[in-house]
Amino acid sequence: MRLYDFHLSGNCYKVRLFLSLIGQEAEQVELNLRGGEQKTPEFLAINPRGQVPALEDGDFRIGDSQAILVYLAARYAPAWAPADPLTQARIASWLSFAANEMQNGPAMARVGKLFGYPIDEAKVHAKAIQALELLDAQLARHPWLAQTDAPSIADLAVYPYAALAGDGGLDLAPYTHLNAWFTRLQALPGYIGMTGL
Ligand SMILES: N[C@@H](CCC(=O)N[C@@H](CS)C(=O)NCC(=O)O)C(=O)O
C-alpha cells in the first residue's frame, strides 16, 4: 500500500493512525502542498480532487480520509466497522460529522492559526465550540461515538481535529468527556501521535 501524505494534516493522520492500530503498513509519500504537488497531472491521476490523503492498494486508488477508513476497515479490520445496520448508520453519521462540522469548525480554526488561511475567526470558533459541545455530550452517554463496545472508525474520523483544536486557539479544558475519550484512544495498542498531539 502507498499513502500520499502531508505530515501536518489531521486528515492524513487519521489514516496513519488507523494503519498503525490495525498493524498494516503503507509506504508514505509526503507531498509538498505549499508547492502545489497535489495539483500536478501525475497526482490528479491518483486523486482527481487534488487533495491528500490518497491511498493506493494494488490497482485500487481512493482519496478522502473517511473513504479510506471505510475501505481499510472493510478490507483488513472489519471489527472497526461492525456490519449491523444500526452501527453502520451511526458510523456514517459520524463520518459525515467529521467531513462537515469538524472540518468547518476545529480544522478550519487550525488552518487559520497555523497556516494563515483567511477565516472569519468568530464564526469558525462558534462552529467549533458547537461541535465540541455536541461531542462532549455524546461521550458523556457512550464511551465510543458510534455507541459500540469498542472503538470504531467513527472515533478515528473525528479524533484528530478534536484533539488538535488547541492549535486553532480553542480551549479544550472544559470538555471533560472529550478529554477522557482522548485518553482512551491514546491508550490503544498501536496508537501513534502527530505534531501537536
Ligand atoms: N474530505 C477530505 C479533505 C481533504 C483535505 O482537505 N486535504 C487537505 C489537507 S488536510 C489538502 O489536500 N489540501 C490541499 C488542497 O486542497 O489543495 C478528506 O477527509 O480527506
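Remember, it's a predicted structure, so these values are computed and weren't measured experimentally. (Residues numbered from 1 in each chain as written. Predicted model: local features only at pLDDT ≥ 70, side-chain atom pairs only at ≥ 80, totals over all residues. Heavy atoms only, no water.)

Peer 1: Run through the UniProt feature "domain: GST C-terminal" (unreviewed entry) in the protein chain, naming residues and quoting values.
Peer 2: Using the residue numbers shown here, the UniProt feature "domain: GST C-terminal" (unreviewed entry) corresponds to residues 84-197. Annotated as 65% helix and 0% strand, the span residues 84-197 places its first and last C-alpha atoms 33 Å apart. (UniProt positions renumbered as here; feature names shortened; annotations may be inferred. Helix = DSSP H or I, 4+ residues; strand = E, 2+ residues; numbered from the N terminus.)

Peer 1: I'd like to hear about the side chain of Ser9, residue by residue, with values.
Peer 2: As for its position among the elements, Ser9 is in the loop between strand 1 (2-5) and helix 1 (10-21). Not counting residues within four places of it along the chain, the set of residues in contact with Ser9 comprises Tyr161 and Met194. (Contact = heavy atoms within 4.5 Å.)

Peer 1: Please give an account of the domain arrangement of the protein chain that cites residues and values.
Peer 2: Domain assignment breaks the protein chain into domain 1 (2-79) and domain 2 (82-186). One C-alpha centre belongs to domain 1, the other to domain 2, and the line joining them spans 20 Å. Residue-level contacts link 16 residues of domain 1 with 14 residues of domain 2. At the boundary of domain 1 and domain 2, one finds 0 salt bridges. (Domains from an automatic or database assignment. Salt bridge = Lys/Arg side-chain N within 4 Å of Asp/Glu carboxyl O.)

Peer 1: Outline the site of the ligand, supporting the account with residue identities and numerical values.
Peer 2: Around the ligand lies a shell formed by Ser9, Asn11, Gln38, Lys39, Gly50, Gln51, Val52, Pro53, Asp64, Ser65, Gln66 and Tyr161. Taking Asp64, its side chain carries an N or O atom lying 2.8 Å from a nitrogen atom of the ligand. In this structure, an oxygen atom belonging to the ligand sits 3.2 Å away from a side-chain N or O atom of Gln66. Protein contact buries 76% of the 510 Å² of open area that the ligand shows by itself. (Near = heavy atom within 4 Å. Polar contact = N/O pair within 3.5 Å; in protein donor to acceptor, adjacent residues only side chain to side chain. Areas by Shrake-Rupley, 256 points an atom, 1.4 Å probe, with all protein chains shown as cover.)

Peer 1: Mind laying out the sheet that holds strand 3 (residues 54-57), listing which residues take part and the relevant values?
Peer 2: Judged by pairing direction, the sheet is mixed, and its 4 strands sit side by side in the order 2-1-3-4 without closing on themselves. Two strands lie at the open edges of the sheet, namely strand 2 (27-30) and strand 4 (60-63), each paired on one side alone. For this sheet, the mean inter-axis angle between neighbouring strands, taken without regard to orientation, is 15°. Along the sheet, helix 1 makes contact with strand 1 and strand 2, crossing strand 1 at roughly 150°. Relative to strand 3, helix 3 (residues 65-76) is tilted by about 30°, and along the sheet it contacts strand 3 and strand 4. (Pairing = 2+ DSSP bridges. Axes fitted to C-alpha atoms, helices over the stretch in contact; angles between N-to-C directions.)

Peer 1: I'd love a proper account of the side chain of Gln138, names of residues and values included.
Peer 2: The residue Gln138 is located in helix 5 (residues 121-141) in this model. Setting aside its immediate chain neighbours within four residues, Gln138 contacts Trp94, Leu145 and Gln147.

Peer 1: For the UniProt feature "domain: GST N-terminal" (unreviewed entry) in the protein chain, give the residues involved together with the corresponding values.
Peer 2: The positions UniProt marks with the feature "domain: GST N-terminal" (unreviewed entry) are residues 1-80. Within the segment residues 1-80, helix and strand shares are 38% and 20% respectively, and the terminal C-alpha atoms sit 19 Å apart.

Peer 1: Can you explain the packing of helix 1 against helix 6 (residues 153-163)? Please cite residues and give values.
Peer 2: In contact at an axis separation of 9 Å, helix 1 and helix 6 are set at 135° when each is read in the N-to-C sense. Looking at the two axes, helix 1 sits oblique to helix 6. Two packed elements cross with a definite hand, and for helix 1 against helix 6 that hand is right-handed. In this structure, helix 1 uses Gly10, Asn11, Tyr13, Lys14, Leu17, Phe18 and Leu21 to contact helix 6, whose residues at the interface are Ile153, Leu156, Ala157, Tyr159, Pro160 and Tyr161. Classifying every residue of the contact of helix 1 with helix 6 by side-chain character gives 10 nonpolar, 2 polar and 1 charged. (Parallel < 35°, antiparallel > 145°, perpendicular 65-115°, else oblique. Left-handed = near helix turned anticlockwise from the far one by under 90°. Nonpolar A, V, L, I, M, F, W, Y, C, P; charged D, E, K, R; others polar.)

Peer 1: Which residues make up the packing of aromatic side chains, and what values do they have?
Peer 2: Enumeration according to the criterion identifies 10 aromatic pairs in this entry. Measuring from centroid to centroid gives 6.4 Å for Tyr13 and Tyr159, while their planes differ by 50°, and the two rings are tilted. You can see Tyr13 sitting in helix 1 and its partner Tyr159 sitting in helix 6, a full 146 residues away along the chain. Neither Tyr13 nor Tyr159 differs from the other in exposure class; each is buried. Ring centres of Phe18 and Trp80 lie 5.4 Å apart, and the angle between their planes is 70°; on these two criteria the pair is classed as edge-to-face. (Phe/Tyr/Trp six-rings, centres within 6.5 Å; stacked < 30°, edge-to-face > 60°. Buried < 20%, exposed > 50% of the residue type's maximum accessible area, 1.4 Å probe, protein only.)

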